[in-house]
Amino acid sequence: MPFDPVPGLLAPATELLEQQFVSLPTHHPIIDSPAIAQVLAATAHRLADNYPYFHPLYAGQMLKPPHPVARAAYALAMSINPNNHARDGGRASSEMEIEAVREIAAMFGWDQFLGHLTSSGTIANLEALWVSGQLAPGKRIVASVQAHYTHNRISAVLQLPYSSIPADNRGRMCLDALEAELRKGDVGTVVVTLGTTAIGAVDPLPEILALRSRFGFRIHVDSAYGGYFCLIPDALDEPARLAFTAINQADSIVVDPHKHGLQPYGCGCVLFRDPAVGRFYKHSSPYTYFTSKQLHLGEISIECSRAGAAAVALWATHQLLPLVPGGDFAHGLAQGRAAALELDRRLRADNRFQPLAAGAPELDIVVWKLNASTPQRASELAQKIFQAAAARDLHLALVELPLICFQHEPVPSGHDPATVTCLRSVLMKPEHKAWLGRIWDRLTAATAETMGG
Ligand SMILES: *Cc1c(COP(=O)(O)O)cnc(C)c1O
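A few points on the structure. Fair warning: this is a prediction, and the values are worked out from it, not measured in the lab.

## So, the side chain of Lys259
Turning to step 1, where the next piece is worked out: Tracing the chain through its elements places Lys259 in the loop between strand 6 (252-255) and strand 7 (268-272).
Turning to step 2, where the next piece is worked out: Residue classification places Lys259 among the buried positions, given a relative accessible area of 15%.

## Some thoughts on the packing of aromatic side chains
Turning to step 1, where the next piece is worked out: Under the criterion given, the structure shown has seven aromatic pairs.
Turning to step 2, where the next piece is worked out: Aromatic pair Tyr53 and Tyr58: ring centres 5.1 Å apart, planes at 75°, arrangement edge-to-face.
Turning to step 3, where the next piece is worked out: Its relative accessible area of 29% is what places Tyr53 among the partly exposed residues.
Turning to step 4, where the next piece is worked out: Seen in terms of ring centroids, Phe353 and Trp440 are 6.0 Å apart; in terms of plane orientation they differ by 65°. Their pairing is edge-to-face. Here Trp440 lies in helix 13 (residues 432-451) and Phe353 lies in strand 8 (residues 353-355), a separation of 87 residues in the sequence.
Turning to step 5, where the next piece is worked out: Residue Trp440 is classed as buried on the basis of its relative accessible area, which comes to 13%.
Turning to step 6, where the next piece is worked out: Over the face of the ring belonging to Trp435 we find Arg438, whose NZ or CZ atom lies 3.7 Å from the ring centre.

## Brief notes about the environment of Leu320
Turning to step 1, where the next piece is worked out: You can see Leu320 is positioned in helix 10 (residues 308-320).
Turning to step 2, where the next piece is worked out: Residue classification places Leu320 among the partly exposed residues on the basis of a relative accessible area of 48%.
Turning to step 3, where the next piece is worked out: Leu320 sits 52 residues away from Gly268 along the chain, and the two C-alpha atoms are 20 Å apart.
Turning to step 4, where the next piece is worked out: Apart from residues no more than four positions distant in its own chain, Leu320 is found in contact with His67 and Val69.

## Some details on unusual backbone geometry
Turning to step 1, where the next piece is worked out: Located in the positive-phi region is Asn81, a residue other than glycine, with phi close to 55°.
Turning to step 2, where the next piece is worked out: Inspection of the secondary structure puts Asn81 in the loop between helix 3 (68-77) and helix 4 (91-107).
Turning to step 3, where the next piece is worked out: Not every positive phi belongs to a glycine, and Leu262 is a case in point at roughly 65°.
Turning to step 4, where the next piece is worked out: The residue Leu262 is located in the loop between strand 6 and strand 7 in this model.

## Looking at the side chain of Thr421
Turning to step 1, where the next piece is worked out: As for its placement among the helices and strands, Thr421 is situated in strand 11 (residues 419-426).
Turning to step 2, where the next piece is worked out: Within the structure, Thr421 has its side chain in polar contact with the side chain of Glu400 (distance 2.8 Å).
Turning to step 3, where the next piece is worked out: Once residues lying within four places of it in the same chain are set aside, the contact partners of Thr421 are Ala378, Ser379, Ala382, Gln383, Leu398, Val399 and Glu400.

## A few points about the pairing of strand 10 (residues 397-402)
Regular strands show a simple pattern: their side chains alternate between the two faces of the sheet.
Turning to step 1, where the next piece is worked out: Alternating residues of strand 10 divide into Ala397, Val399 and Leu401, all buried, and Leu398, Glu400 and Pro402, none buried.
Turning to step 2, where the next piece is worked out: Relative to strand 11, strand 10 runs antiparallel, the two being bridged by six bridges. Of the residues in strand 11, the one forming a bridge with Glu400 is Thr421.

## A short note on the pattern of salt bridges
Opposite charge on two side chains lets them pair, provided their charged atoms get close.
Turning to step 1, where the next piece is worked out: Applying the stated rule across the entire model yields 18 salt bridges.
Turning to step 2, where the next piece is worked out: Where Asp251 meets Arg273, a salt bridge forms, and the shortest distance between an N and an O atom there is 3.1 Å. Remark: Arg273 occurs in the loop between strand 7 and helix 10 and Asp251 occurs in the loop between helix 9 (238-245) and strand 6; sequence separation between them is 22 residues.
Turning to step 3, where the next piece is worked out: By relative accessible area, which is 13% here, Asp251 ends up buried.
Turning to step 4, where the next piece is worked out: Put simply, Arg346 and Glu342 hold a salt bridge, and the shortest N to O gap is 2.8 Å. Pair noted here: Arg346 and Glu342 are both in helix 11 (residues 328-348), with a separation of four residues, about one helical turn.
Turning to step 5, where the next piece is worked out: Several salt bridges converge on common partners, so that one network encompasses Arg140, Glu181, Lys184 and Asp186.

What counts, and where the lines are drawn
Residues numbered from 1 in each chain as written. Predicted model: local features only at pLDDT ≥ 70, side-chain atom pairs only at ≥ 80, totals over all residues. Heavy atoms only, no water. Helix = DSSP H or I, 4+ residues; strand = E, 2+ residues; numbered from the N terminus. Buried < 20%, exposed > 50% of the residue type's maximum accessible area, 1.4 Å probe, protein only. Phe/Tyr/Trp six-rings, centres within 6.5 Å; stacked < 30°, edge-to-face > 60°. Lys NZ or Arg CZ within 6 Å of the ring centre and 35° of its normal. Contact = heavy atoms within 4.5 Å. Polar contact = N/O pair within 3.5 Å; in protein donor to acceptor, adjacent residues only side chain to side chain. Pairing = 2+ DSSP bridges. Salt bridge = Lys/Arg side-chain N within 4 Å of Asp/Glu carboxyl O.

Structure, rendered in structure tokens:
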């Protein structure tokens, strides 16, 4: 069962941790165990009202179960409940955060950098764009229409002007449209998404770097979902491979360990190539920093309190599964990627389905529309198949995509805003590869029930 291993793994480690505090006078927290047990039973009942995210037949949204080592290390850290706002709040977990973040930066090819964990990708992006605004006050932020919706909102919070750039028929930022905006002279930062949330599209970073040397602007790479794919360049098609290979030339990078990195929620990460941006964070808190003269994570972060346990879980996960090409972690990513390519291949061979016209998925997200006489009919069918699959325990997702994604002719930018509801599957669990046959059987049964045939 998916839930079992953690308590068994945790008990000996908890005892070991406890032993290291035996010199303290005994102190027994007073707990009413029967009452707690009763509340926990009620909690378990409430939690059953969820999709089974932990199971390989959950192949819908971007949800990946945390690794047992991450769950156990997080729970172990709960005996201490450190706060990584400063070393006063969590000495060990601050050190572990610094080590774990250094390992993420090394994955992107950086040994000199400034960076830390955040409570989410959104907060990490907020920090990156906040630094952009400090360096170029009032200058515009631009991102593709397929960029994460929070960039627009973040820019509003930061009171920076924002505009979106059209995307092509595979969801990548249109370079001509970007260049037209750059000519206006007021763009401070281009947000380059390596792995869009909807379809896993990879913006053309090498070409955007070439534009940077002509026009001069900051590049913020939002790879909240896609960042870890730089560990498996050989499993990617050339445009995505070249984009991930160039990631070290960005000015800032965001990646979410709580997306592809096997972590519980509450773990994002922001990195800056120039450590000198740390000057913008300077503040003087009268109550947080006392016990150490070393770097405090709270001095380089917009947030104050943060879960030290998140850093502990990430550190432990890196110990077991180092972020190296060819390692077990990279292998797990490659399995999800292989599952996505196999699903896409099967969809293309079945005329009831219409995958993206421009070709195979770039990462591990597969999207397809239903073949029907009108987009309205295709949208209705997608909704019905989504339901019929769920009735067979196969959980997919729905996504609204521009119709141009299914047109073979190149589409001039500007274009048709019409959209269609599509089915979407994020095959991000390593187990998805072994389960693809069972996923396919359920999908085709649900489709036959809905469409006949
Ligand atoms: C998920 C995601 C975000 C937002 O991250 P959260 O951790 O959900 O706040 C931002 N950008 C991209 C590309 C994402 O996929």
